[in-house]
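Breakdown of the fold
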Amino acid sequence: MTEDWKFERRRNRLVDDLREKGISDERVLAAVGRVPRHRFVEQAFLGRAYNDEALPIGLKQTISQPYTVAYQTQTLAPKRDERILEIGTGSGYQAAVLCEMGAKVYTVERMRGLFDKTAPLLRQLRYKASTRFGDGMQGWEAHAPYDGIIVTAGGIEIPDTLLQQLKMPEGTTPGGRMIIPVGPRHEQIMTYVMRLGENQFDSVEMEACRFVPLLSRTQS
Ligand code: SAH
């Protein structure tokens, strides 16, 4: 279809743009180069689907900026077959990028309106992410522990329940890691956390960022 061809060209340009902005992991760039972001945005924003910008997806939520998605993914560095938990499914775009990298993706969304739209879309596009409607602050215990957790909404602190669902280190295998924006509503600091032991964690603060708020309790 001509339309697809047009989008493909724009998508390639977005990949070049991300590369220029410092994203260097070729696996991440290849994944961004494959996910049809135009399928994850509202019709009204179709023309802006491959701009490096966050866009509204309804219910006061946004699909994250591609740079942010690439940055979080590059930092998390998911390997093939690793179990990754995402908090905040939103449009499903980030989950699709993780699937393209071969991760086993589990994703939780607290807003019914978004969940009911996104879960079928991911299936339709053949992304095998496991989706759940619920409060992501509780993680997803049934599938824990995780090699990685990616939180795509900003909260004041790192939920302890999520820390506990990270894999413990074993022998020479390092423990699970998490990438999460931490801070008040208007600005957060992207934070990388590693599990070092039962109740031992290390964290590194990275770039400033701005996400929609991480809220507990579901909304129907
Ligand atoms: N990863 C998404 C970004 C969506 S914005 C994407 O690629 O499009 C963040 C999302 O987090 C919103 O959909 C919001 O409803 C959701 N969210 C906020 N707090 C949450 C919580 N406690 N549990 C699950 N989802 C949450």
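In what follows, the structure referred to is the one given above.
Our subject in this report is the structure included herewith.

Reading the values: the criteria
- Residues numbered from 1 in each chain as written.
- Predicted model: local features only at pLDDT ≥ 70, side-chain atom pairs only at ≥ 80, totals over all residues.
- Heavy atoms only, no water.
- Helix = DSSP H or I, 4+ residues; strand = E, 2+ residues; numbered from the N terminus.
- Rg over C-alpha atoms; globule rule 2.2 N^0.38 Å.
- Buried < 20%, exposed > 50% of the residue type's maximum accessible area, 1.4 Å probe, protein only.
- Contact = heavy atoms within 4.5 Å.
- Areas by Shrake-Rupley, 256 points an atom, 1.4 Å probe, with all protein chains shown as cover.
- Pairing = 2+ DSSP bridges.
- Polar contact = N/O pair within 3.5 Å; in protein donor to acceptor, adjacent residues only side chain to side chain.
- Phe/Tyr/Trp six-rings, centres within 6.5 Å; stacked < 30°, edge-to-face > 60°.
- Near = heavy atom within 4 Å.

Helix and strand counts for the protein chain come out as six helices and nine strands. For 220 residues, the compact-globule formula gives about 17 Å, and the C-alpha radius of gyration of the protein chain, at 16 Å, lands near that figure. For the protein chain, the spread of C-alpha atoms along the three principal axes comes to 55 × 40 × 35 Å. When each of the 220 residues of the protein chain is scored for burial, the buried share is 52%. Contacts in the protein chain between residues far apart in sequence, at least 24 positions, make up 58% of those at least 6 positions apart. As presented, the protein chain carries roughly 10,900 Å² of accessible surface, and 49% of it is formed by carbon and sulfur atoms.

This part is about the pairing of strand β9 (residues 200–209). Relative to β9, strand β8 (residues 188–197) runs antiparallel, the two sharing eight bridges. Counterpart to Arg195 in the pairing with β9 is Phe201. Hairpin geometry of β8 and β9 is characterised by an intervening segment of two residues between the two adjacent antiparallel strands.

With respect to the secondary-structure elements, Thr152 resides in the loop between β6 (148–151) and α6 (160–164). Accessibility expressed as a relative area gives 11% for Thr152, which makes it buried. Within the local environment of Thr152, its side chain forms a polar contact with the backbone oxygen of Gly88, the two atoms lying 2.9 Å apart. In this view, Thr152 contacts Gln72, Glu86, Ile87, Gly88, Gln94 and Phe211; residues no more than four positions away in its chain are not counted.

Turning our eyes to something else, we now look at the packing of aromatic side chains. Taken as a whole and judged by the stated rule, the model has six aromatic pairs. Linked through ring pairs, Tyr106, Trp140 and Tyr146 together constitute an aromatic cluster.

In the neighbourhood of the ligand, 28 residues make up the surrounding shell, with Glu86, Ser91, Glu109, Gly136 and Leu215 lying closest. Gly88 places a main-chain nitrogen or oxygen 2.9 Å from a nitrogen atom of the ligand. For the ligand, the protein covers 99% of the area, taking 580 Å² as the surface of the free molecule. Elements that contribute at least two residues to the shell around the ligand include exactly β2 (61–63), β3 (83–87), α4 (93–100) and β4 (104–109).

Within the secondary structure, Phe7 is located in helix α1 (residues 2–20). For the pair Phe7 and Ile180, spaced 173 residues apart in the sequence, the C-alpha separation amounts to 30 Å. In contact with Phe7, other than residues within four places in its own chain, are His38, Leu46 and Tyr50.

Inspection of the secondary structure assignment puts Ala153 in the loop between β6 and α6. Between the C-alpha atom of Ala153 and that of Thr62, which follows or precedes it by 91 residues, the distance is 9.9 Å. Once you skip the residues sitting within four places of it in the chain, Ala153 turns out to touch Ile87, Pro181, Phe211, Val212, Pro213 and Leu214.

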